[in-house]
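Here's the letter readout for the chains.
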Amino acid sequence: MTLSPTYARYPVEFVSGSGCVLQDSDGNEYLDFLSGIAVNNVGHCHPRVVEAIREQAGRLIHVSNLFTTSENVSLAARLVELSFGVNVFFCNSGAEANEAALKLVRKFRSRGEIVVVHGAFHGRTYGALSATPQESKQAPFAPLVPGFRVVPPLVDAIAGAVSEDTAAVLLEPIQGETGVNIVPDEVLVAAREACDAVGAALVFDEVQTGMGRTGTLWAYEQTPVVPDAMTLAKGLAGGVPMGALVMGPRVADVFAPGDHGSTFAGGPLASAAAHAALDVIDDEALLASVRELGARLMAGLERLPAVESVRGRGLMVAAELTRDDAPDLARRALLEQRLIVNATGPTTLRFLPPLIVSPPEIDDALSRLSRLLS
Ligand SMILES: Cc1ncc(COP(=O)(O)O)c(C=O)c1O
């Protein structure tokens, strides 16, 4: 094995995929309820995405950001039209989108502190890692970027942490990597009000919650709060790497030529794929089905043995177990039941199926889990 051992990989090699099903090198089929960690929201090899990539690859793949392309400009316009945004900075991943957001808010306020919350995950690059208050991820890489203040995601804690020295509050509306923890509306409102009181920016990390995952195109739409900026990646381009920072009216004029950049970002190939992914997901019938199937999945999980409680929104769901072997269960689900899920901690299983999943596939996943847990 010549891959760097940064991941403890499972002994399964996938060779093809279609919809919610992946096939391994021995021809076995697996039901995918993880979607490449919330990336394959339109399913594997959605014909619309495949066709868009094929067509674009035969015409123009890359030109750099010294030029515009119609794919890139029209995608930015589409994201703006579908959100609170005024303009968009493209990049290639979630961590990069958050790096852009961190630079944006520091320049916006010309001062330092960025308030983040316990349980957050914003990525592995230095700025994003410094905003990710998890001892095991941060400690080996000290010293980190200074200027982050960590508080619990509670009304008083956030209100008390925001001051004249605050550049921004950065939050995931639903924390994904630490177990689908929904930040309560009152906490989001407190963050909005505290930022407004001092002129700081409120940034939502929608890298995992965006692109229809929670049953609306963006998770903030189901909260009483509109942020000043949001970061996107994961499902944005149907499986092709792409990230974005969407900037609303308060911060849209902050970046000037030379402030930030990226060679590959927003290239025509990724932009064409993102258009195709949006063609599929920006559809009220599909989003309604995400909400309905999420409810079906949660109700089914609640009936399973060893499930203590279930939480989630749309098709971003976690089950809290009465046992503490969730990582082993996820492994056995893969190897024994051919069901792909993952564990976000010793007692938590997470479910992120493609948004095009069908009711029978939800029921099939529940049967496989029932067999595993019985
Ligand atoms: C909320 C959130 N932000 C940022 C990231 C980092 O994204 P990437 O791995 O594309 O850098 C992730 C990845 O899991 C995430 O869930």
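Residues numbered from 1 in each chain as written. Predicted model: local features only at pLDDT ≥ 70, side-chain atom pairs only at ≥ 80, totals over all residues. Heavy atoms only, no water.

Peer 1: How should I be thinking about the site of the ligand in this particular structure?
Peer 2: In the vicinity of the ligand lie 13 residues, with Gly94, Ala95, Asp205, Gln208 and Lys234 positioned nearest. Contacts to the ligand include alanine 95, whose backbone N or O atom sits 2.8 Å from an oxygen atom. One nitrogen or oxygen atom from the side chain of lysine 234 is found 3.0 Å from an oxygen atom belonging to the ligand. Bound to the protein, the ligand loses 82% of the 390 Å² it would expose on its own. By residue number, the principal contributor to the shell around the ligand is helix α4 (residues 94-109), which donates three residues. Class assignment for the residues of the shell around the ligand results in three nonpolar, six polar and four charged. (Near = heavy atom within 4 Å. Polar contact = N/O pair within 3.5 Å; in protein donor to acceptor, adjacent residues only side chain to side chain. Areas by Shrake-Rupley, 256 points an atom, 1.4 Å probe, with all protein chains shown as cover. Helix = DSSP H or I, 4+ residues; strand = E, 2+ residues; numbered from the N terminus. Nonpolar A, V, L, I, M, F, W, Y, C, P; charged D, E, K, R; others polar.)

Peer 1: What am I meant to see in the sheet that holds strand β12 (residues 243-247) here?
Peer 2: Working definition: the strands of a sheet are paired by backbone hydrogen bonds and lie parallel or antiparallel to each other. One open sheet accounts for seven strands, arranged β4-β12-β11-β10-β7-β5-β6; its pairing is mixed. Every interior strand has two partners, whereas the edge strands, β4 (87-91) and β6 (148-151), have only one. Along the sheet, successive strands turn relative to each other by an average axial angle of 20°, direction set aside. For strand β10 (residues 201-205) and strand β11 (residues 229-232), the ladder comprises three bridges, and the chain directions are parallel. The residue of β11 that forms the bridge with aspartate 205 is threonine 231. Strands β4, β5 (113-117), β6, β7 (166-171), β10, β11 and β12 of the sheet are contacted by α4, whose axis makes an angle of about 155° with β7. Sitting on the sheet, helix α8 (residues 185-198) touches β7 and β10, and the angle it makes with β10 is about 145°. (Pairing = 2+ DSSP bridges. Axes fitted to C-alpha atoms, helices over the stretch in contact; angles between N-to-C directions. Contact = heavy atoms within 4.5 Å.)

Peer 1: When you look at the sheet that holds strand β15 (residues 339-340) in this model, what are you seeing that I'm missing?
Peer 2: Pairing within the open sheet is mixed, and its four strands lie in the order β1-β2-β3-β15. Unpaired on one side and paired on the other, β1 (14-18) and β15 mark the two borders of the sheet. Judged from the three bridges that link them, strand β2 (residues 21-24) and strand β3 (residues 29-32) form a sheet pairing that is antiparallel. The residue of β3 that forms the bridge with valine 21 is leucine 31. Sheet strands in contact with helix α12 (residues 359-373) are β2, β3 and β15, and its direction is about 105° off that of β3.

Peer 1: Can you help me understand the pattern of salt bridges in this one?
Peer 2: Close approach of charged atoms allows side chains of opposite charge to pair. This structure, assessed with the given rule, holds 17 salt bridges. A salt bridge links aspartate 228 to arginine 250, with the shortest nitrogen-to-oxygen separation between them at 3.2 Å. Highlighted residues: aspartate 228 in the loop between β10 and β11 and arginine 250 in the loop between β12 and α9 (268-281), separated in sequence by 22 residues. When its relative accessible area of 7% is taken as the criterion, aspartate 228 is described as buried. A relative accessible area of 33% means that arginine 250 is categorised as partly exposed. Here the salt bridges share partners, and the residues they tie into one network are Arg192, Asp196, Asp228 and Arg250. (Salt bridge = Lys/Arg side-chain N within 4 Å of Asp/Glu carboxyl O. Buried < 20%, exposed > 50% of the residue type's maximum accessible area, 1.4 Å probe, protein only.)

Peer 1: Looking at this structure, how should I read the pairing of β1?
Peer 2: For a regular strand, the rule is simple: side chains alternate between the two faces of the sheet. Taken together, the four bridges between β1 and β2 define a ladder with antiparallel strand orientation. Its bridge partner being in β2, serine 18 is matched across the sheet by valine 21. Linkage of β1 to β2, two consecutive antiparallel strands, is achieved through a turn of two residues, within which glycine 19 is found at a positive phi near 60°.

Function cannot be inferred from these measures alone, as they are strictly geometric.
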